[in-house]
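Structure assessment
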Amino acid sequence: MDVSQGYREAWEGFWSTTSDTPGEAIWDADPSLSAAPHSELFLPYADVSLPVVDLGCGNGTQTRYLATRFARAIGVDLSHAAIGHARRADPEGIAEFAQLDLVDGDAVRSLHGRIGDANVYMRAVIHQSEPEARPAVAAAVATLLGERGRAFVAELTPASKDVLQRAAQGPDGPPEKLRRVFEHGLKPASATDEEVPEVLRAAGLTTLDSGDTALPQTEYLPDGTRIDLPARWFVLAAR
C-alpha cells in the first residue's frame, strides 16, 4: 500500500514552499513545549538504550531534542523536502533522517530490520493521514516497536477543529501559517475521538498510559493568545 499521489504532493508542496526559519510551520513548536514534556511522560516506560524513531518528523525540531534523551534518534517523513529541511538544520548530525512512507509495510519492516526494536515518537500523524491509511500508520508503529520498544503517540482531538475554526474566522481570515495549511489541502483534526484508540488497538498495540494534553502551535489568535490544539496522548507497547 502507498499513500495517494495527491496526499504525497500536498506534503511535498507544503515543505517545498516552507523556509528553513524555525517555527514557520504552524506545528513547529519549540521542543520545550513539545518533545520535552512528552519525554517526561514517556521515559518511565522506555528503554533509552534503544533507538527512537520520530515518525512524521518534518524539519526535525523534535528529533534533535529526542537525540539528547535516547541513544540514537532517527527522524522519518513522507516528504523529501521535509528531510532536506531536517538535514540542513542538523549540520552536526545529532540525529539521522530518512524519507519513509509509513504505509509502505515493506519499507517499515526494512527499517526495523536495520535498527532492531525501537521506541517511537509520533506527534499528530494519524489525525491528518488519509482515513484508509490510518490502520497502516498504526501498524508501522507496532512493527518498529517489536517486543522491546515503546511508543509515545499524541493526536489532535476533534475539539481542535473548533479552535482552528475560531482562528480562521478572525477579522483578516486565517492567520498566515494556518492559511498555508489550508492552501496545501492538509486536513487537521479529521479523526474522531474513538478512531485513534481503536486503530491503535487494531494494530496490536496496548495502552500503558494515556491522558489529555494540548499541542502548542507557532501561530496566534487576533487577541495574541497562542493557538493550543486539544489532543490526547498514549504510551503504547506491542502485544
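So, here is what we can say about the structure in this document. This is a predicted model, so every value here is computed, not measured.

**So, the layout of surface pockets**
Counted as a void, the largest pocket has a volume near 160 Å³. In terms of lining, the largest pocket is formed by 13 residues, of which the most central are Tyr7, Gln128, Glu130, Gly185 and Lys187. By residue number, the principal contributor to the lining of the largest pocket is helix H1 (residues 5–16), which donates 4 residues. Split into classes, the residues belonging to the lining of the largest pocket amount to 5 nonpolar, 5 polar and 3 charged.

**A short note on the packing of aromatic side chains**
Under the criterion given, the structure shown has 10 aromatic pairs. Here tyrosine 121 and phenylalanine 152 contribute two aromatic rings whose centre-to-centre distance is 6.0 Å and whose plane-to-plane angle is 15 degrees, an arrangement assigned as stacked. Remark: phenylalanine 152 occurs in strand E5 (residues 151–156) and tyrosine 121 occurs in strand E4 (residues 119–123); sequence separation between them is 31 residues. For phenylalanine 152, a relative accessible area of 0% translates into the label buried. Put simply, the rings of Tyr7, Trp11, Phe14, Trp15 and Trp27 touch in pairs and so form one group of aromatic residues. Stacked on the ring of phenylalanine 14, the Lys or Arg arginine 180 has its end atom at 4.5 Å from the ring centre.

**Quick notes on the packing of H1 against helix H4 (residues 80–88)**
Remark: H1 packs on H4, axes separated minimally by 7 Å, with the N-to-C direction vectors making an angle of 35 degrees. Two secondary-structure elements touch here, H1 through Glu12, Trp15 and Ser16 and H4 through His80, Ala81, Ala82 and His85. When the residues that make up the contact of H1 with H4 are grouped by side-chain class, the tally is 3 nonpolar, 3 polar and 1 charged.

**Points about the environment of tryptophan 15**
Note on placement: tryptophan 15 falls in helix H1. For the pair tryptophan 15 and aspartate 47, spaced 32 residues apart in the sequence, the C-alpha separation amounts to 32 Å. Excluding residues that lie within four positions of it along the chain, tryptophan 15 makes contacts with Ala25, Trp27, Gly58, Asn59, Ser79, Ala81, Ala82 and His85.

Thresholds applied
- Residues numbered from 1 in each chain as written.
- Predicted model: local features only at pLDDT ≥ 70, side-chain atom pairs only at ≥ 80, totals over all residues.
- Heavy atoms only, no water.
- 1 Å grid on protein atoms, 1.4 Å probe; cavity = no way out; pocket = protein on both sides within 12 Å on 5 of 7 lines; lining within 4 Å.
- Points joined across faces, edges and corners; volume = space filled by probe spheres on them.
- Helix = DSSP H or I, 4+ residues; strand = E, 2+ residues; numbered from the N terminus.
- Nonpolar A, V, L, I, M, F, W, Y, C, P; charged D, E, K, R; others polar.
- Phe/Tyr/Trp six-rings, centres within 6.5 Å; stacked < 30°, edge-to-face > 60°.
- Buried < 20%, exposed > 50% of the residue type's maximum accessible area, 1.4 Å probe, protein only.
- Lys NZ or Arg CZ within 6 Å of the ring centre and 35° of its normal.
- Axes fitted to C-alpha atoms, helices over the stretch in contact; angles between N-to-C directions.
- Contact = heavy atoms within 4.5 Å.

All we've got here are geometric facts, nothing functional implied.
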